[in-house]
Amino acid sequence: MLRVVTNKLPQRSFRNIRTLGTGTFNGDGKKNIDIPSSADVVIIGGGSAGCNALYQLGKRGVNTVLLDKSKLISGTTWHTAGLVWCLRNVCDIEMELLKASRLIYASLQEETNINPGWINNGGLLIARSSERVVEYERLMTACKNFGIDARIITPSETKEKFPLINDGTFLAAIHSPADGTIDPAMMVNALTKSAEKKGCKIIEDCPVTKLLVEDIDGQKIVHGVETPHGIIKTNVVLNAAGAWSKTIAQMAGLDIPLIPMKHAYVVTEPMDVRGLPNIRDPDLNLYFRVQGGTLSIGGYEPNPIILKFAPEDFSFSLYELDWDVFNTHVEAMNQLIPTLATTGIRTTVCGPESFTPDHRPLMGEDPRCTGFYYSCGYNSAGMMFGGGCGEQIASWIVNGRPEKHMFNYDIRRYIPEQRKNLVWSNERSHEAYARNYEIRFPHDEHLSGRNLKIDPFHDLLMKEGAVMEERQGWERPGWFLPDNKTTRILPYDYGGYYDTPKNMNDAYADILKAERTFNFSPYDDIIREEALSCRNNVGLFDMSYFGKYYICGPDASTAVDYIFTAQVNNREINRTVYTCMLNKNGGVEGDCTVTGLESGSGGVVDPIFKGKAFYIVSGGMSSYHTWAHVTKVIREKNLHASVHNVTEQIGILSIQGPNSREVLRMLVEDDLSNNSLPFSTSKLVKIDNELVHMFRLSFVGELGYELHIPRSSCEKVYKAVMECGRKYDIKLAGYRALYSLSCEKGYHLWGTDLRSDDNPIEAGLGFVCRTSGQYQGREFVEESRKNGIKKRLVHLHTPDDIPLWGMESVYRNGQLVGYLRRAEHGYTFKSSIGQAYITAPNGQNITREFLETGTYQIEVMGKRYPAKMYLQSPFDPHNKRLSGVYTI
Ligand SMILES: Cc1cc2nc3c(=O)[nH]c(=O)nc-3n(C[C@H](O)[C@H](O)[C@H](O)COP(=O)(O)OP(=O)(O)OC[C@H]3O[C@@H](n4cnc5c(N)ncnc54)[C@H](O)[C@@H]3O)c2cc1C
């Protein structure tokens, strides 16, 4: 590739870009711009994110004003490569969002009579390793679930579609005919013209300089924005300021995990590529966009230039390309398209783009600032996600919730400690950027940003060989190395870049490397042993990262009555109830256990409070989301109830299995019999003189107990449990075993088989929904009960020992009816198991008869395997084991 850089940009159509809005000039020659005094919604930023949101809000009749500090598209959007893919990761919501974008872009012409610059030239995805081919086979199966037309083709077929490529260097490719390219200026023109017709306003050269925010009892509320041209009052502000979004958030005193970086592509001299498809070559970290008769070529470098901030005055601007960084691509691009070696570069395009720690955008309302929404952090995919995400953010603003399960995009997926820790955001965003095109293996973990949150048992369990996983900033044991081996996680080495010495002898990284497979893990036998020891004897799980909250105050009972679906109020004290909490559309926003408490004698497990209180425990992944939902409903209903987060202060040991009671009998004097401590109740006990709140509960379907222990007592209690447990050969077990066991039992896992787009009846959780009293979302539950449902969660078991990871297609009588939301190796059943929502192909209500009369198959990488369908999990259907009954 010849570097003949002219520093001229590729030609773009800016003919439709507007000039300044109406106004007069003041004495300094500066223009005074007329701005409205109020609006329903103010959007900050006129790039892809802001304009797509504006278009969608306009469609919904919302009086919206969009402000840009400069001109529309003058930020990152103007110099985008504009690629719009159908397929990235094996992920349902992502596929749906990308599909939505394509449909919106393709329909804009008809709707607005304006050409939005959508070119449907198709795409090719190159595979250079056998594992990559397996990943593509998984993608092929997954895309059937969403009606995406794509197929795997041979290298010679690939060459037919793109004659310039060297077909001798790769194994296979995907051809995705629906891929294409969107022109940013034309797209924004169509979106904004449509929005203006619907009454929305666009004001350029109008920077937001201040957010008007009130602070009431620690909760911020947005009231408006200030600009050099005056104030606009509003109760909703959407931060769509791209790489500048962090500055906007800081105006409200909020941190967001958004890291601006330089991202670049080069544009070649004319080549014989007109009309050919775009290409991604992920094993070489490269993408190629066909732009008229030239190629735009960019990629993901191991050492991107990380910016402290995006320059304020950057408008239609670019950086000089740093060839030391970009050079990594030059040899690679010649490998795929050899003629590039003798083709000149016409220009380079290097601009600021915003990146996030998990390479997904930041969306939704900030839990700490009512009315302040985000649609930013698009990780070099803001064109392909712009349409779909614009639709979701509009629905979020208008209806309080998006239509899809957007948790992986929701700002609430980050805990406050992650948001405020710049080092953490920097490390994780770097890793996400550098590994963007890597194969996503099911058990991969991050090497960056580790040990941010560790629970009181962390060091003890590390000594026992815990191999840690990280979720929501917390370290949790995934499984345990045998034979007294230990592994620790080293500080992040940035891949050896930025003058950071590369880690040597990284045992943890080696373990992860060994697990980079779509086959069963090489550690599967160890995990099986952990799971089966819990089924057959006794296992100990550290569940400390679960969220723990007390709800108290004069309206505590009213609050739990309204928030939770189950009867959690007016139950006996110390009775634990499993429940869902719903959004206004009846979708499940979380599941948790709630225990009614009386005021105690003091301390974190027996707190003193006035009146009645409730102890909420929710899964670690959804803990912050649960807190955000509960506190929002309390605020909205103006209730006098407070939520105290005691997650850090209480450790949880869960002792599960037929011998769990025998172990604990050696430790506590209290009667632990079924009569004295029945399932789903709790009591305060002393273990080695330490006060512990003991719950008779199980997440795995066994006789089991959870010990909720004050942080300062954790080590002592753990040692006492292990000491007595040794007599019964107690085994430490991690989350890999726990998830397998809970899936076998048919328990739900929020975020996978239970989400905000599922209602409890669809999820088979009607039994946790009261038929009396009012709770949020109840009318949707009742309607589903009365009128039936369109999808139903079922359990599927394959007799074949074939690894399942989720997203595999499910067929009933040969017809596609769903896909696995969650899958596990079911060690007790000696088979692979999963859970899927089944829909009827004709869109009719789903009935028991329909479900029970079919013959099922699961498609795994193109091959179908027979599966048995269960409406209820076949594991201990009468819950005898929960009661400690192990004899038949
Ligand atoms: C080299 C490169 C190639 C890319 N290729 C692709 C691709 O092929 N496909 C794809 O999907 N994505 C791609 N992207 C990413 C995509 O272009 C971006 O994700 C997208 O344009 C971001 O849009 P945005 O609206 O979030 O941000 P921007 O376009 O940056 O818009 C933010 C706007 O906010 C305004 N603003 C900032 N501060 C204020 C303030 N105080 N008051 C008012 N306004 C303010 C700015 O002026 C700006 O106009 C690429 C990015 C780069 C850099």
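Residues numbered from 1 in each chain as written. Predicted model: local features only at pLDDT ≥ 70, side-chain atom pairs only at ≥ 80, totals over all residues.

Per an unreviewed UniProt entry, the chain is named Sarcosine dehydrogenase, mitochondrial, and its organism is Ooceraea biroi. Taken verbatim from the UniProt record of the chain, the Sequence similarities (unreviewed entry) comment is "Belongs to the GcvT family." (UniProt positions renumbered as here; feature names shortened; annotations may be inferred.)

Q: Explain the overall build of the chain residue by residue, including any values.
A: When helices and strands are counted, the chain shows 21 helices and 42 strands. Over its C-alpha atoms the chain spans a radius of gyration of 28 Å, differing by no more than 12% from the 29 Å that the globule rule assigns to 888 residues. The buried share of the chain, reckoned over its 888 residues, is 53%. Summarising the internal contacts of the chain: among those between residues at least 6 apart in sequence, 72% fall at separations of at least 24. (Helix = DSSP H or I, 4+ residues; strand = E, 2+ residues; numbered from the N terminus. Rg over C-alpha atoms; globule rule 2.2 N^0.38 Å. Buried ≥ 20, exposed ≤ 12 C-beta atoms within 10 Å, placed from the backbone. Contact = placed C-beta atoms within 7 Å.)

Q: Which residues make up helix H11 (residues 422-434), and what are the values?
A: With 13 residues, H11 ought to run about 18 Å at 1.5 Å a step, and its terminal C-alpha atoms sit 18 Å apart, in line with that. Among the 13 residues of H11, 10 are classified as buried, and the element is accordingly described as predominantly covered. Residues Trp424, Ser425, Asn426, Glu427, Arg428, Ser429, His430, Glu431, Ala432 and Tyr433 constitute the buried set of H11. Among the structural elements, strand E16 (259-268), strand E20 (345-355) and helix H10 (416-420) are those in contact with the buried residues of H11. (Expected span 1.5 Å × (residues − 1).)

Q: Mind laying out the site of the ligand, listing which residues take part and the relevant values?
A: Taken together, 41 residues lie near the ligand, and Gly45, Gly47, Gly75, Gly242 and Gly382 sit nearest. At the level of elements, helix H1 (48-59), E16 and E20 are the ones that each hand at least two residues to the shell around the ligand. Residues belonging to the shell around the ligand are distributed by class as follows: 20 nonpolar, 18 polar and three charged. Two domains each donate at least three residues to the shell around the ligand, and these are domain 1 (41-78 + 185-258 + 359-409) and domain 2 (123-177 + 263-313 + 330-352). (Near = placed C-beta within 6 Å. Nonpolar A, V, L, I, M, F, W, Y, C, P; charged D, E, K, R; others polar. Domains from an automatic or database assignment.)

Q: Before we move on, could you go through the environment of His175 and cite the residues and values that matter?
A: Residue position: His175 is located in strand E9 (residues 172-176). In this structure the C-alpha to C-alpha distance between His175 and Val663, which are 488 residues apart in sequence, comes to 58 Å. Ignoring anything within four residues of it in the chain, the contact list for His175 reads Gly122, Leu124, Ala150, Arg151, Ile153 and Lys161.

Q: Explain the domain arrangement of the chain to me, and be specific about the residues and the numbers.
A: Domain annotation of the chain identifies domain 1 (41-78 + 185-258 + 359-409), domain 2 (123-177 + 263-313 + 330-352), domain 3 (420-517), domain 4 (538-545 + 649-729), domain 5 (547-646) and domain 6 (748-870). Across the contact, four residues belong to domain 3 and four residues belong to domain 5. Looking at side-chain class alone, the side of domain 3 that touches domain 5 contains one nonpolar, one polar and two charged residues.

Q: Give me the lowdown on unusual backbone geometry, citing residues and values where you can.
A: Residue Asp729 is not a glycine yet carries a positive backbone phi of 60 degrees. For Asp729, the location among the structural elements is in the loop between helix H18 (714-726) and strand E36 (731-732). Even without being a glycine, Asp876 presents a positive backbone phi close to 45 degrees. Its place among the elements puts Asp876 in the segment after strand E42 (863-870).

Q: Help me get a handle on the UniProt feature "domain: FAD dependent oxidoreductase central" (unreviewed entry) in the chain, residues and values and all.
A: In the numbering adopted here, UniProt assigns the feature "domain: FAD dependent oxidoreductase central" (unreviewed entry) to residues 399-453. Secondary structure over residues 399-453 splits into 35% helix and 0% strand, and the C-alpha atoms at its two ends are 34 Å apart.

Q: Tell me about the sheet that holds strand E32 (residues 650-656), and please be specific about residues and values.
A: What the six strands build is an open sheet, ordered E33-E34-E35-E32-E26-E36; its pairing is mixed. In the strand order of this sheet, the two ends are held by strand E33 (682-687) and E36, each with one partner. Of the pairings in the sheet, the one linking strand E26 (residues 539-542) to E32 comprises four bridges and is antiparallel in character. By the bridge assignment for E32, Phe541 is matched with Ser654. Against the sheet, helix H14 (residues 524-536) contacts E26, E32 and E36, and its axis sits at roughly 115 degrees relative to E26. (Pairing = 2+ DSSP bridges. Axes fitted to C-alpha atoms, helices over the stretch in contact; angles between N-to-C directions.)

Q: Hey, could you go over the UniProt feature "domain: Aminomethyltransferase C-terminal" (unreviewed entry) in the chain for me, with residue numbers and the actual values?
A: Under the UniProt annotation, "domain: Aminomethyltransferase C-terminal" (unreviewed entry) lies at residues 791-875. For residues 791-875, helix accounts for 7% and strand for 54%, while the C-alpha atoms at its two ends are 23 Å apart.

Q: I'd like to hear about the sheet that holds strand E17 (residues 278-281), residue by residue, with values.
A: Strand order across the open sheet formed by eight strands is E8-E9-E7-E17-E18-E19-E16-E20, with mixed pairing between neighbours. Of all strands in the sheet, those with a lone pairing partner are strand E8 (151-153) and E20, marking the two edges. Going across the sheet, the axis of each strand differs from the next one's by a mean of 25 degrees, ignoring polarity. Of the strand pairs in this sheet, strand E7 (residues 123-127) and E9 are connected by five bridges, and their pairing is antiparallel. Directly across from Ala127, in E9, lies its bridge partner Ala172.

Q: Before we move on, can you summarise the pairing of strand E40 (residues 831-839) with the specific residues and values?
A: Among the nine residues of E40, seven are classified as buried, and the element is accordingly described as predominantly covered. Bridge count between strand E39 (residues 815-826) and E40: six bridges; the pairing is antiparallel. Residue pairing across strands places Arg822 opposite Gln835, the latter belonging to E40. The hairpin turn running from E39 into E40, its antiparallel successor, is four residues long, and Lys830 in that turn takes a positive phi close to 55 degrees.

Q: Residues and numbers for the packing of H1 against helix H5 (residues 184-197), please.
A: Following both chains from N to C, one finds H1 and H5 inclined at 30 degrees, their axes separated by 8 Å at the closest point. Between H1 and H5, the angle is such that the two are roughly parallel. Like other packed secondary-structure pairs, H1 and H5 cross with a definite hand, here left-handed. Of the residues in H5, those in contact with Ser48, Cys51, Asn52, Leu54, Tyr55 and Gly58 of H1 are Pro184, Val188, Leu191, Thr192, Ser194 and Ala195. (Parallel < 35°, antiparallel > 145°, perpendicular 65-115°, else oblique. Left-handed = near helix turned anticlockwise from the far one by under 90°.)

Q: Residues and numbers for the nonpolar core, please.
A: Soluble, globular proteins show a tendency: their nonpolar side chains are buried together. Core analysis: the biggest nonpolar cluster contains 238 residues, and Val42, Ile44, Leu54, Val237, Leu238, Ile551 and Phe614 have the highest contact counts within it. Apart from the residues within four sequence positions on either side, Leu238 is in contact with Val41, Ile43, Ile44, Ala53, Tyr373, Ser375 and Ile393. (Core = buried A, V, L, I, M, F, W, Y, C linked by C-beta atoms within 7 Å.)

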